[in-house]
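Spelled out from the first residue to the last, the chains are:
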Amino acid sequence: MSGDRGFSMPRGDFLTLVQYHLPVKVVLFINSALRMVELEMSVSGLPAHGATYRDPGLAARARAAGACGVRVAKPELLTGASKPVFRHPGHAPGGVVTDPAALSIPPKKRVETVTGRVRSAGKIVWEAKRAA
């Protein structure tokens, strides 16, 4: 399992899987954001800037490289869409569109984490008021 942007970073690994027909299946969470980067910025008390992007079309890129790429935008289509991914003999990333606003939970809750997130939220509100 991987986030969409995290999967985009090691392109060489992806191409190696395709080249050697390795049967690695990957479930991609397509949320068009660097959620862990946003979380780290928030915990540090910073508003998240530059951590969102438009969908890079990973399923189409996978198919262009010779893999079985699938993108699922509706939950009710997940069962049927996942079948070709698991039947494909080689590498097959399957992307599932997820809610970009879903909350990422840090592995450990500490006072510093909560304080940082509160500071981050305050800065976002302050910047929105200044821009209005």
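Everything discussed here concerns the structure shown above.
Since this is a predicted model, take the numbers as computed values, not measurements.

> Residues and numbers for the environment of V27, please.
Checked against the element boundaries, V27 lands in strand β2 (residues 25-30). Residues V27 and M1, 26 residues apart in the sequence, show an inter-C-alpha distance of 4.7 Å. Those residues within four positions of V27 in sequence are excluded, and the remaining contacts are M1, S2, G94 and V96.

> Break down the nonpolar core for me, with residues and values.
Of all hydrophobic cores here, the largest spans eight residues; its members are F7, F14, V18, V26, L28, L58, A62 and A67. For this core, the secondary-structure elements that each account for two or more residues are α2 (11-19), β2 and α4 (58-64). Setting aside chain neighbours within four positions, we find A62 in contact with F14, A67, G69 and P93. Formed by six residues, the second largest nonpolar core is a distinct cluster that contains C68, V70, V72 and V85.

> Can you lay out α2 for me, pointing to particular residues and giving the numbers?
Taken together, the buried positions of α2 are F14, L17 and V18. The arc that holds every buried residue of α2, seen down its axis, measures 100°, which confines them to one face. For α2, the exposed residues set more than 90 degrees away from the buried face come down to D13 and Q19. Of the surrounding secondary structure, the elements contacted by the buried residues of α2 are α1 (4-8), α4 and β4 (92-97).

> Go over the packing of aromatic side chains, please, and point to the residues and values.
The geometry of an aromatic ring pair is captured by the separation of the ring centres together with the interplanar angle, meaning the angle of the planes. Tallying each qualifying case throughout the model produces one aromatic pair. The interplanar angle of 70° and the centroid separation of 5.8 Å between the aromatic rings of F7 and F14 together place this pair among those described as edge-to-face.

> Any chance you could break down unusual backbone geometry for me, citing the residues and the numbers?
Positive phi, close to 50°, is recorded for H21, a residue that is not glycine. The class for H21 is exposed, based on a relative accessible area of 60%. For S32, which is not a glycine, the phi torsion comes out positive at approximately 55°. Position of S32 relative to the elements: it lies in the loop between β2 and α3 (35-43).

> Go over the pairing of β2, please, and point to the residues and values.
Covered by surrounding structure in β2 are V26, L28 and I30 only, the residues K25, V27 and F29 on the alternate face being uncovered. Pairing between strand β1 (residues 2-3) and β2: two bridges, direction parallel. Residue pairing for β2: G3 is matched across the bridge by F29. Pairing geometry for β2 and β4, over six bridges, is parallel. By the bridge assignment for β4, K25 is matched with A92.

Conventions used here
- Residues numbered from 1 in each chain as written.
- Predicted model: local features only at pLDDT ≥ 70, side-chain atom pairs only at ≥ 80, totals over all residues.
- Heavy atoms only, no water.
- Helix = DSSP H or I, 4+ residues; strand = E, 2+ residues; numbered from the N terminus.
- Contact = heavy atoms within 4.5 Å.
- Core = buried A, V, L, I, M, F, W, Y, C linked by side-chain atoms within 4.5 Å.
- Buried < 20%, exposed > 50% of the residue type's maximum accessible area, 1.4 Å probe, protein only.
- Arc of directions from axis to C-beta.
- Phe/Tyr/Trp six-rings, centres within 6.5 Å; stacked < 30°, edge-to-face > 60°.
- Pairing = 2+ DSSP bridges.

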